[in-house]
Amino acid sequence: MLSDELLQAAWLAGVDAMAIVDAGGVVQAVTPALERLVGREASALVGLRVDDLPLPGTVSREMREACATDGGRVHVLTLRPAAVRFDRTVFDSLDSGCVWLDMALRLVEANLAARRAFGLGERVILERIDQLGWRQFDRELQPMATEDRPAWRAAHGGEGRVSDIVAVEIPGRGLRWLRVNALAVPVLGPLADPGVFVSFTDFTDEREAAESLRDSEQLFRMFGEHAMDVLWIVDPRAQKLLYVNAAYERIWGRPAAALFDSLVHWLDGVDPGDYERVAAAAQSQTASGSYEVEYRMHRPDGVAKWIRGRGFPLYGPDGRMRYMAGFAEDVTLAHEAERLQDAHRVAQERLERIVATAPGAMHAYRQRADGTGEFTFATPAIRALLGVDARRLVDDRIDLLALVHPDDRGAVADSLRDSAELGAPWLASFRVPGAPAGERCIEAHSMPGRDADGGVTWQGFFIDVTERRRAEEEVKLLNRELEQRVAERTAELEARQREMESFTYSVSHDLKAPLRGIDGYSRLLESDHAERLDDEGRFFIRTIRKAANQMGQLIDDLLAYSRIERGRPTLSPLAAGPVVDAVVEGLASQLAAPGLRLRIEVERGLVVHGEREGLSLALRNLLENAIKFTAGQAQRAIELGARREGAQVRLWVRDNGPGFDMRYHDRIFEIFQRLHRAEDFPGTGVGLAMVRKAMERMHGRVWAQSEPGAGAAFFLELPAGPLV
Amino acid sequence: MEDRRPILLVEDNPMDVDLTRRAFAKRHIVNPLEVARDGEEALGWIARWEAGEPLPVVVLLDLKLPRVSGLEVLRQLKAHARFSRLPVVVLTTSREDGDVASAYALGVNSYIVKPVEFEKFIDVAAQIDLYWCVLNQT
């Protein structure tokens, strides 16, 4: 039997959590182990009914009846921790990392996943995690205080289970993101002490993947919004637009919202002519997978655009089509450029045809700022002109002046300088000795234009004027010869004229002087020696004097006739009336003869184109003739008339004299020709010849109408002058 | 009062000189007739007048003269400082417009064409006498 003291000592030293319960079920005593287990002092527990003891759920109870020292019957309650058996195999097979910590948060045990996660060795290290140097951060990456840590909160906060996200900086592995569950456990692990069970999963990789996805999506959107072309993505199964960038609204000038409502709006604004083609291409995308189409599109603001649309499928990892994507590009400028290029090509072709058929050769000739020259363009025809192939002319930068005849270089350089200074066309001609067909004469027609570098470029053409020049030279030579001949001829004529003048002058002077002698001395003989002459002698003297006077008259008429020709006629409008009046006035005394009737019939206001002296002379002669030839008539009738006949003025003198036979019509106008005997009608035969000559000088004419015994009519005709 | 100063006749044709002399005689012209046979001789008279010989009442000047022409004689006479007012009458066979115009341009006092008929020549002499030897001197 054990003494009470011994029992008391054993009771207090026992490791089991036990309580003695009396028959009435009231707790009489507890062991220190029980105090620890329930976390309360013995005094707070003794006196409680056994069922009211605050026991954790994880203990097993055992009640045994015992015999008390006083012989009474008591019950002994023994509490044992629930059997949490530690099975490493199961523990290590878990994917999640699991660790046990004691209440001081020292690591007691870690499974395989946790060891891997933390890079720990096989051996359990009972150290505080803090002491490992691992820093912990909250989800905002702020350093985490000890009391905020899930394990601590589970151990001390009485919260039971704690879930949180923690970032742990693990040496050699960087920052790891953990999803952590912490649970306070009364009896734990091999030591069967209370502690904290922590399980965690590392979602760092998952998090990074998500982040990277978010980044790339962000990048894609930024890229799309900045793209010049329209980018779009469609879900073909749902026929829904998933994405279109801002370029759509910019290029189409329409809100994109309509597209999100229905894909039909893709066809908004498409040119009616292209509508079917575009619709067919969009249809074909589902069949063949991709398409490309170009079409015209009209914006609501009236601007028309050319669009090139492309669509293509996007495949998922399973190789099946997930999305349709594409671009729509504004190719208006490209189209315009193409049109311009077409127009340019047409113009170019036209130019080439013109250049090919144009006479001469086109050129672009440039003078640099330093005065040296080069060809920058030449058509093939230039070879025939300059003797150098067009390509070589340009490639070798040949200076025109080097090809020009040395004697012409100075003039060509001067003409280029003048043209450049004045901005005036360059017109020059020069010889080129090196042409294939021998020396050529070239004419340049070019317009200068100032270059950006201070040089000048002439664009224009060269023509081969060799043949023309030759012809011109020939013409010039012929002209010179002709002029020479004309001059010679003129000089000859003038010499003859002078000769004629001096002849008539001599006739006048020299022939008349002896006549004066004949007449003078005959007269003196007659007057001073009449008594020595008989009648016959006096008759001889009278005859001599008559002959001398006739000869004097003849000489005077001859001189008058030749005088008509002298000098140039000065033709001008001339009133006919006053001329007629003056002539009639001059012959007034003869016209006043008895039995002579003069009728004047002159139209008023007649104007001729002629000269006064010529017309006076003609009229006077005709009137004198009429007076002379009517002298034998008892009734002398003379008519003087003038009237306009179309563009001519006709004047006439009609008489009732003896008339003449028209057979002799032409002869009477020749000099010294007479139809009548001198004793019937005196005269020298010069008068009508003078009339004809005077009329010819005035571009007029004279003619007569007569019949023997029926009088005669003489007509003058002159161009009419302007009406006065 | 009749002026008895001489008449200077410039004439190369001796027959014309003789006829002129006779025509003047027929008209009873008493002025002595001095004769120069060519232009040079006529110009020689200028020196003689300068030396004090009496000036003629009139110079009768033929145009067609040997050596110095009548127009040249006329020009020199009319250009002379002292004798430019001396009356000069051209007496010639030429009725050329050029001669007439030239003579008047040089300041001739009258231009007379010699007639062929002697009676008319006597009339001319009478006119010369009346106008130049009588009327013009008073």
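Residues numbered from 1 in each chain as written. Chains lettered and ligands numbered in written order. Predicted model: local features only at pLDDT ≥ 70, side-chain atom pairs only at ≥ 80, totals over all residues. Heavy atoms only, no water.

A few points about the overall build of chain A
Defined as follows: Numbering of helices and strands starts at the N terminus; helices are DSSP runs of H or I of at least 4 residues and strands are runs of E of at least 2. Type-normalised accessible area, obtained with a 1.4 Å probe on protein chains alone, sets the label of each residue: buried when under 20%, exposed when over 50%, and partly exposed for intermediate values. Note on definitions: a residue-residue contact is assigned when non-hydrogen atoms from the two residues lie within 4.5 Å. Computed with a 1.4 Å probe, the accessible areas rest on the Shrake-Rupley method; for each residue, only the protein chains presented here act as cover.
The secondary structure content of chain A amounts to 21 helices and 27 strands. Classification of the 724 residues of chain A by burial places 38% in the buried group. Partitioning the contacts of chain A with sequence separation of at least 6, the portion at a separation of at least 24 is 48%. When the accessible surface of chain A is split by element, carbon and sulfur atoms take 53% of a total near 41500 Å².

A closer look at helix H1 (residues 14-26) of chain B
Residue and element names in this part refer to chain B. Heads up, the rule is: Any helix carries an expected span of 1.5 Å times its number of residues minus one. As used here, the arc belongs to the directions running from the helix axis to the C-beta atoms. Pairing of N or O atoms within 3.5 Å defines a polar contact, subject to two protein rules: one partner must be a possible hydrogen donor and the other a possible acceptor, and residues neighboring in sequence count only if both atoms are side-chain atoms.
Across its 13 residues, H1 extends 18 Å between first and last C-alpha, which sits within 8% of the 18 Å expected from 1.5 Å per residue. When we look at burial in H1, the residues that qualify are Asp 16, Val 17, Leu 19, Thr 20, Ala 23 and Phe 24. Looking straight down H1, one finds its buried side chains confined to an arc of 165°; they lie on one side. N-cap assignment for H1: the residue whose side-chain oxygen lies 2.9 Å from the backbone N of Met 15 is Asn 13. Just downstream of H1 lies His 28, where phi reads positive at about 60°.

A word on the interface of chain A and chain B
Our working definition: Two parts placed together each lose some accessible area; with a 1.4 Å probe, that loss summed over both constitutes the buried area. Between Lys or Arg on one side and Asp or Glu on the other, a salt bridge is scored when a side-chain nitrogen of the former is within 4 Å of a carboxyl oxygen of the latter. Under the convention adopted here, Pro, Cys and the residues Ala, Val, Leu, Ile, Met, Phe, Trp and Tyr are nonpolar, Asp, Glu, Lys and Arg are charged, and Gly plus all remaining residues are polar.
Facing 26 residues of chain A, the contacting portion of chain B comprises 23 residues. Both faces combined, the contact of chain A with chain B buries some 2200 Å², and carbon together with sulfur accounts for 52% of it. Where chain A touches chain B, the interface holds 4 salt bridges. A salt bridge links Arg 545 of chain A to Glu 119 of chain B; the shortest N-O distance between them is 2.5 Å. Counting across the interface, chain A meets chain B through 6 residue pairs in polar contact (both at pLDDT 80 or more). Sort the elements by how many residues they give to the side of chain A that touches chain B and helix H16 (residues 466-528) of chain A lands first, with 18 residues. Split by residue class, the side of chain A that touches chain B holds 8 nonpolar, 8 polar and 10 charged.

Overview of the sheet that holds strand E2 (residues 33-36) of chain B
Residue and element names in this part refer to chain B. Rules: Criterion used throughout: strands pair if DSSP finds at least two bridges between them. Every axis in this analysis is a line fitted to C-alpha atoms, fitted for helices over the stretch in contact. Angles between the N-to-C directions lie between 0 and 180 degrees.
Ordered in space as E2-E1-E3-E4-E5, the 5 strands form an open sheet in which the pairing is parallel. Bordering the open sheet on either side are E2 and strand E5 (110-113), each of which pairs with just one other strand. Ignoring strand direction, the axes of neighbouring strands in this sheet form an average angle of 20°. As paired elements, strand E4 (residues 88-92) and E5 share 4 bridges and run parallel to each other. Along E5, the bridge assignment pairs Leu 91 with Ile 112. Its contacts with the sheet place helix H2 (residues 39-50) against strand E1 (7-10), E2 and strand E3 (58-61), and it is angled at close to 125° to E2.

Some remarks on the pairing of E4 of chain B
Residues and elements named next belong to chain B. Inclusion rule: The definition of a right-handed crossover adopted here requires that, viewed with the strands pointing away, the path from the first strand over the helix to the second runs clockwise.
E4 sits mainly inside the fold: 5 of its 5 residues count as buried. Burial along E4 is two-sided: Val 88, Val 90 and Thr 92 facing one way and Val 89 and Leu 91 facing the other are all buried. Viewed along the sheet, the connection from E3 through helix H3 (residues 70-79) into E4 turns out right-handed. Viewed along the sheet, the connection from E4 through helix H4 (residues 97-105) into E5 turns out right-handed.

Regarding helix H5 (residues 118-134) of chain B
Compared with the 24 Å implied by 1.5 Å per residue over 17 residues, the 22 Å span of H5 of chain B between its first and last C-alpha is a close match. Taken together, the buried positions of H5 of chain B are occupied by Phe 118, Phe 121, Ile 122, Val 124, Ala 125, Ile 128, Asp 129, Trp 132 and Cys 133 of chain B.

Concerning the environment of Val 602 of chain A
Residue and element names in this part refer to chain A. Here Val 602 lies in strand E22 (residues 596-602). By relative accessible area, which is 24% here, Val 602 ends up partly exposed. Along the backbone, Val 602 and Gly 577 are 25 residues apart, and their C-alpha atoms lie at a distance of 6.8 Å. Sequence-distant contacts of Val 602, that is, excluding residues within four places in its chain, are made with Gly 577, Val 580, Leu 640, Gly 641 and Ala 642.

Side note on the packing of helix H20 (residues 612-629) of chain A against helix H21 (residues 687-697) of chain A
Residue and element names in this part refer to chain A. Where we set the bar: Geometric relationships in this document are graded by angle, where less than 35 degrees denotes roughly parallel, more than 145 denotes roughly antiparallel, 65 to 115 denotes roughly perpendicular, and other angles denote oblique. A clockwise turn of the near helix away from the far one marks a right-handed crossing, whereas an anticlockwise turn of less than a right angle marks a left-handed crossing.
Where H20 meets H21, the closest approach of the two axes is 9 Å, and the angle between their N-to-C directions is 150°. Taken as axis vectors, H20 and H21 run roughly antiparallel relative to one another. The way H20 lies across H21 gives a crossing that is left-handed. Contacts from Gly 614, Leu 617, Ala 618, Asn 621, Leu 622 and Asn 625 of H20 reach H21 at Gly 687, Leu 688, Met 690, Val 691, Ala 694 and Met 695.

Re the nonpolar core
The nonpolar side chains of a soluble globular protein tend to be buried, and buried together. Residue and element names in this part refer to chain A. We count it as follows: Think of a nonpolar core as a cluster: buried Ala, Val, Leu, Ile, Met, Phe, Trp, Tyr and Cys residues, connected wherever their side-chain atoms sit within 4.5 Å.
If you look at the biggest cluster of nonpolar residues, it comprises 38 residues, and the most contacted ones within it are Leu 615, Leu 619, Leu 623, Phe 714 and Leu 716. Elements with a contribution of two residues or more to this core: helix H18 (576-586), H20, strand E24 (636-645), strand E25 (648-655), H21, strand E26 (701-706) and strand E27 (712-719). Per element, the largest residue contribution to this core is 7 residues, and it comes from H20. Among the nonpolar cores identified, the runner-up in size contains 27 residues, and Leu 400, Trp 426, Trp 458 and Phe 462 belong to it.

Comments concerning the pattern of salt bridges
Counted by the stated rule, this structure contains 57 salt bridges over all chains. For the salt bridge of Arg 489 of chain A with Glu 492 of chain A, the shortest nitrogen-to-oxygen distance reads 3.1 Å. One end of the pair is Arg 489 of chain A and the other is Glu 492 of chain A, both in helix H16 and 3 residues apart, which spans about a single turn. For Glu 492 of chain A, a relative accessible area of 40% puts it in the partly exposed group. Among the ionic pairs, Lys 114 of chain B bridges to Asp 16 of chain B, the shortest N-O distance being 3.0 Å. Residue Lys 114 of chain B is located in the loop between E5 and H5, and its partner Asp 16 of chain B is located in helix H1; the two are separated by 98 residues in the primary sequence. By relative accessible area, which is 3% here, Asp 16 of chain B ends up buried.

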